[in-house]
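# Analysis of the macromolecular model
Chain by chain, the residues run as shown.
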Amino acid sequence: MLLTVTTLAVLGVVSSALSGRLGRFVFLLPAAASLAAAVWFGLQAPLVAAGQVLQERIEWMPSLGIAIDLRLGALQWLLSMVVLGVGGLIFVYCAWYFDSKTLAARTVGLLTGFAASMLLLVLSDDLIVLTVGWELTTLFSYLLVGLNHRSASNRRAAQTALVVTTIGGLTMLVGILLLEAKTGTYSLSAIVADPPRSAAAAWAAGCLVVGALSKSAIVPFQYWLPGAMAAPTPVSAFLHAAAMVKAGIFLMAAFTPAFVDLPWWRWTLVGLGIVTMLLGAVRAMRQLDIKVLLAHGTVSQLGLLMTVIGIGTQGAMQAGLTLLVAHAIFKAGLFMVVGAVDRATGTRDLRELGGLARRMPIVTGAAILAAASMAGLPPALGFLAKEAALDAAIAGTSEELVALGWLAFVAIALGAAITVTYSLRLIMGTFFGPQTVEVKRRTGALAVAPVILAAAGLLLGFAGDLITELLRPHVSTVPAGEPAPLLALWHGFTPALAASMAAWALGTVIHLRVGSARRAPHGQDIFERGYHAGMRGLDRLAVEVTGRIQTGSLPLHLTTILLVVVALPGGALVTAGLVSGDLRLFDSVGQVGAAALISIAAVLVTTARGRLKAFMLVSVVGYGVGLLFLLHGAPDLALTQVLTETVFLIVLVLVLRRLPKYFTDRPLRAARYPRALLAILVGAFATLASLAALQARTAEPISEGFYRWAYEFGHGENIVNVTLVDIRAWDTLGEVSVLLAAATGVASLIFVRRPVAGLGVLRQDDPATRRGNWLRGAFTDEHMASPVLEMMTRLLFPIMMLVSIYLLAVGHNEPGGGFAGGLVAGIALAVRYLAGGRDELTEAAPLDAGKLLGAGMAVAVLGVVWPILIGGRIGESYAIEWVLPLLGEQKLVTTLFFDVGVWLIVIGAMLDFIRSLGAGIDLHAEQNAAPRPAWRSDRSLPGKEVRR
């Protein structure tokens, strides 16, 4: 099972990469995988029918009780066969439906990724993993509906589907968390076996129902599904007919044994199902686009499924699951028929179609068989399931079930009549009557999959015994109702058969009277209008709130945030008395001196008007913190702090060039005193919070074990570095990913429209490359060159690069590491730029920063995951030892490769920063494309001298 999910997920990536070479035939790769997996699942049918359950489990987050726990029971087997069997045929259909010249490479990957996600959803016994699959199907649906992103209607439809199904998915997640809180487990099978009985459990069940309603397009969420028909027809056949929309039905079928006894469960599902069934059927009856007709018909059939499952008896569960299979088969086949018609004629409009039976006889035959199953005509599987549903509706014994059952019986019969009407409208309007449209393209290959599905829908009508046996293990878990009867085409003349015959007759009469009329379809229903009105109101509310709150005043925003911090958590901290008086203020006089230096610099910052002065004082604070680290016995942290502060200062100086020299030329206002008081209170809160946190410890710090772990399995003596590259390597990988994103973001902000041509390109014809200066690529303007700085740069640069490599190499046992080494190399590049300009930077680093960042990320990821190739754990360290003549015993720890990736990322980020904020702005200035700073602030204030 896990192999199938993984194979489809990998194929989703591989097939997209191969799409350019294989063209439309790339769909045969996931088709072969899906159909082969369907055969394997099919071979498990005897085990499933015998009540056996296949399970596979991989621990994922043991501390949270979350595992990739796959479970194949009767219900899961049924949905898996739909996903793999019907999905495999749809992939085959895609190979002849799409055109290689216009096929987007991402199409096959997205469709295959959806298949993997849907299979993960139906097989997951862990509800968190089920939620992951649930949300992945939502995401893939959004991307596939919006495949033609140039179309505004496609984008709107995709957004609507995403919003509605995501809201439902998040609500479902709330219900899952409530269930875990009451049961202590995320296992679906465990919860169903011993369901909780409490008000919280009832609320959890309600959240699950909301999730199911949104996913399966049940009122009040039904409007997103017809809009999703903007997707290509095979996507509609797979996602919005056969598979994804069944997820909500699957969820209700899985939880009905646990929650069917809730007083509102049956009436809610049946009531909403009936409204959806009738609303969708009436709207389908008036559609002119045959694909949209099938879309509204799908809404109606989903309502029928929810109605039958909601009855909550064993017979209803059996009938509902049989209907689910029947609907997946006939509706997927009909959508593919519509695709063939569209490809052959170039239209789906009933006003333009007709008489295609003579030119497309095979497609017509498949359409008739599938539509017969949809209309519930014998001997198709649709008839078998509909008869079982009608029988189950009136088989109740209790007073509640009798009333509910007869309501469902009448509604199902009426829905069946309207289904006959729009089925006749589809078949007669498309394939019979006078031919009004020319067949422009042969569609023989497109008929294969619909014919197979139509034949399957016909043959399975005779397999009632087999279907009953396969469904019995799950059906028998439903506590209500008598044991489900045997499925069969003939049970004698029963009320169900009489209702079916009446539905056929009434549906035919309606079609003859109004069904073939070329009327315009209905507009938006009340639920869709309510959704769009709600979204407009939400947008308006967002604009109003943003306009009133986001005033653009940074001081106001910070003041508001800090006041809340001081008033709420600060007040609670003071009143709780969490800080005791037993404090040791310092360990040495040096710490007092460093603290005094930091305090003086911080106070001076608040009085500085000049930007450079303020930033230099801020750097003094940073260097003071580095000194404190050193005095506390943390040289590694001190080194990193000093290097980071230096980089920060360099970046600030580069930014300063395009900013005014002074913050303001206005007189200081009295408002500075309340702000100063607020700053003092925030500092006091931070101090008290730190002391409270230190004094609140009750357990042994986890870091106590780092001393032993760093040496035993990290093979290093520098605890800080071993922690970063081994003990918490995943955290470090996430942090360097953020650094990579930050570097990309800085470049994007500087070059917001397009990269500047010529940036970082050394001009070989420039006199600077010919004069005998210290730096070959230095400034062309002699007045800008500094021989002393150039000479010192030439001397220092190779030394700094050697220090960078040294820090990288010794970081596992001495202060250093990839991050510190990368910062030293970045500072060296910054010195080259400051001494010689952008051409000198290119001379020093003729590399693309983006490629360096990408290479670093690739090396870092490989450095973390490679141990699994030799049977180790992700991020595991290995020590390789050998003896060399003269040098003696040597040791290499494999986490050095991860550290090399960090080193490359830091250098790439620094190079990106320098080129963006330095070389890029230089080039902008040369091209008069950079803003000039306003030097108004240079003028003295009236009667006062500006402090500099």
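Conventions and cut-offs
Residues numbered from 1 in each chain as written. Predicted model: local features only at pLDDT ≥ 70, side-chain atom pairs only at ≥ 80, totals over all residues. Heavy atoms only, no water. Phe/Tyr/Trp six-rings, centres within 6.5 Å; stacked < 30°, edge-to-face > 60°. Helix = DSSP H or I, 4+ residues; strand = E, 2+ residues; numbered from the N terminus. Buried < 20%, exposed > 50% of the residue type's maximum accessible area, 1.4 Å probe, protein only. Lys NZ or Arg CZ within 6 Å of the ring centre and 35° of its normal. Salt bridge = Lys/Arg side-chain N within 4 Å of Asp/Glu carboxyl O. Axes fitted to C-alpha atoms, helices over the stretch in contact; angles between N-to-C directions. Parallel < 35°, antiparallel > 145°, perpendicular 65-115°, else oblique. Contact = heavy atoms within 4.5 Å. Nonpolar A, V, L, I, M, F, W, Y, C, P; charged D, E, K, R; others polar. Pairing = 2+ DSSP bridges. 1 Å grid on protein atoms, 1.4 Å probe; cavity = no way out; pocket = protein on both sides within 12 Å on 5 of 7 lines; lining within 4 Å. Points joined across faces, edges and corners; volume = space filled by probe spheres on them. Bend = angle between axes of the 7 residues up to and from the residue. Polar contact = N/O pair within 3.5 Å; in protein donor to acceptor, adjacent residues only side chain to side chain. Core = buried A, V, L, I, M, F, W, Y, C linked by side-chain atoms within 4.5 Å. pLDDT = per-residue confidence, 0-100. Expected span 1.5 Å × (residues − 1).

### Some remarks on the packing of aromatic side chains
Under the defined criterion, the tally for this structure stands at 14 aromatic pairs. Both rings, one in phenylalanine 91 and one in phenylalanine 238, keep their centres 5.9 Å apart while their planes meet at 80 degrees; by these two values the pair is edge-to-face. Of this pair, phenylalanine 91 sits in helix α4 (residues 74–97) while phenylalanine 238 sits in helix α11 (residues 233–242), and the two are 147 residues apart along the sequence. The exposure class of phenylalanine 91 is buried, given its relative accessible area of 1%. Residue class for phenylalanine 238 comes out buried when judged on its relative accessible area of 0%. Linked through ring pairs, Phe27, Tyr93, Tyr97 and Phe98 together constitute an aromatic cluster. Taking the ring centre of tyrosine 97 as reference, the NZ or CZ of arginine 343 above it sits at 4.0 Å. Residue placement shows arginine 832 over the ring face of phenylalanine 797; its charged tip is 4.5 Å from the ring centre.

### Some words on the pattern of salt bridges
Two side chains with opposite charge may pair up if their charged atoms get near one another. A complete count under the given rule lists twelve salt bridges for this structure. For glutamate 469, the salt bridge is made with arginine 472, and the minimal N-O distance between the two is 2.6 Å. Of the two residues, glutamate 469 and arginine 472 are both situated in helix α20 (residues 464–475); the distance of three residues between them amounts to about one turn of the helix. A salt bridge links glutamate 735 to arginine 728, with the nearest nitrogen and oxygen atoms 2.5 Å apart. Salt bridges sharing partners connect three or more residues here, namely Arg57, Glu59 and Asp69.

### Comments concerning the packing of α4 against α11
Two numbers describe how α4 lies on α11: the axes approach to 9 Å, and their chain directions differ by 170 degrees. The orientation of α4 with respect to α11, classified from their angle, is roughly antiparallel. Taken together, the residues of α11 that come into contact with α4 (itself represented by Val82, Val83, Val86, Gly87, Ile90, Phe91, Tyr93, Cys94 and Tyr97) are Thr233, Pro234, Ala237, Phe238 and Ala242. Counted by class, the contact of α4 with α11 contains twelve nonpolar, two polar and no charged residues.

### A look at the pairing of strand β3 (residues 879–884)
Pairing of β3 with strand β4 (residues 888–893), which is carried by six bridges, proceeds in the antiparallel orientation. From the neighbouring strand, alanine 879 faces β4, where its bridge partner is valine 893. Where β3 folds back on β4, the antiparallel hairpin that results is connected by three residues, among which leucine 886 adopts a positive phi of roughly 75 degrees.

### Overview of empty space enclosed by the protein
Under the definition given, this model contains five cavities of 30 Å³ or more. As a volume, the largest cavity reaches approximately 140 Å³. Lining the largest cavity are 16 residues, and of these Gln301, Leu304, Met374, Lys386 and Thr419 lie nearest its centre. For the lining of the largest cavity, the secondary structure elements donating two or more residues are α14 (290–311), α15 (314–345), α16 (361–375), α17 (381–393) and α18 (399–431).

### Examining helix α1 (residues 2–22)
Taken as a whole, α1 carries its principal kink of about 35 degrees at serine 16. Phi turns positive, to about 65 degrees, at glycine 23, one or two residues after α1.

### A few points about the side chain of threonine 256
Summarising the element assignment, threonine 256 is placed in helix α12 (residues 246–259). A distance of 2.5 Å separates a polar side-chain atom of threonine 256 from the backbone oxygen of methionine 252. When sequence neighbours within four positions are dropped, the list of residues in contact with threonine 256 reads Trp265, Ile309, Gly312 and Met317.

### Things to note about unusual backbone geometry
Note the cis peptide between valine 219 and proline 220, where omega equals 15 degrees. Cis geometry is adopted by the peptide bond preceding proline 379, which originates at proline 378 and carries an omega value of 5 degrees. Structurally, the position occupied by proline 379 is in the loop between α16 and α17. Even without a glycine there, the phi angle at alanine 217 is positive, about 55 degrees. Locating alanine 217 in the fold gives a position in the loop between α9 (199–215) and α10 (224–227).

### Remarks on the environment of alanine 408
Take alanine 408: it is sitting in helix α18. The sequence separation of alanine 408 and alanine 247 amounts to 161 residues, and the corresponding C-alpha distance is 22 Å.

### Structural notes on the nonpolar core
When a protein is soluble and globular, its nonpolar side chains tend to lie buried together. Residues Phe27, Phe238, Met252, Phe255 and Trp265 are the most contacted members of the largest nonpolar core, which totals 186 residues. Counting residues per element, this core draws most heavily on α15, at 20 residues. In this view, methionine 252 contacts Leu208, Val209, Ala212, Trp265, Leu269, Met306 and Ile309; residues no more than four positions away in its chain are not counted.

### Regarding the confidence of the model for the chain
Counting all residues, the mean pLDDT for the chain is 86, and 91% of those residues have values of 70 or more. Contacts of residues 752–758 to residues separated by more than four positions or lying in other chains number eight contacts, the stretch itself having pLDDT below 50. The low-confidence segment residues 760–772 (pLDDT under 50) makes 28 contacts with residues lying over four places distant or belonging to another chain.

### A short note on the packing of α4 against α20
Where α4 meets α20, the axes come as close as 7 Å, and the angle between the chain directions of the two elements is 130 degrees. It follows from the interaxial angle that α4 and α20 lie oblique. Along its contact with α4, which presents Ala74, Leu75, Trp77 and Leu78, the element α20 presents Leu470, Leu471, Pro473 and His474.

### Section: α14
Given 3.6 residues to a turn, an α-helix orients residues that are three or four positions apart in the same direction. For α14, spanning 22 residues, the distance from its first C-alpha to its last is 32 Å, which sits close to the expected 32 Å at 1.5 Å a residue. Burial analysis of α14 places 21 of its 22 residues in the buried class, which makes it a mostly covered element. Note on α14: the residue one or two positions beyond its end, glycine 312, has a positive phi of about 80 degrees.

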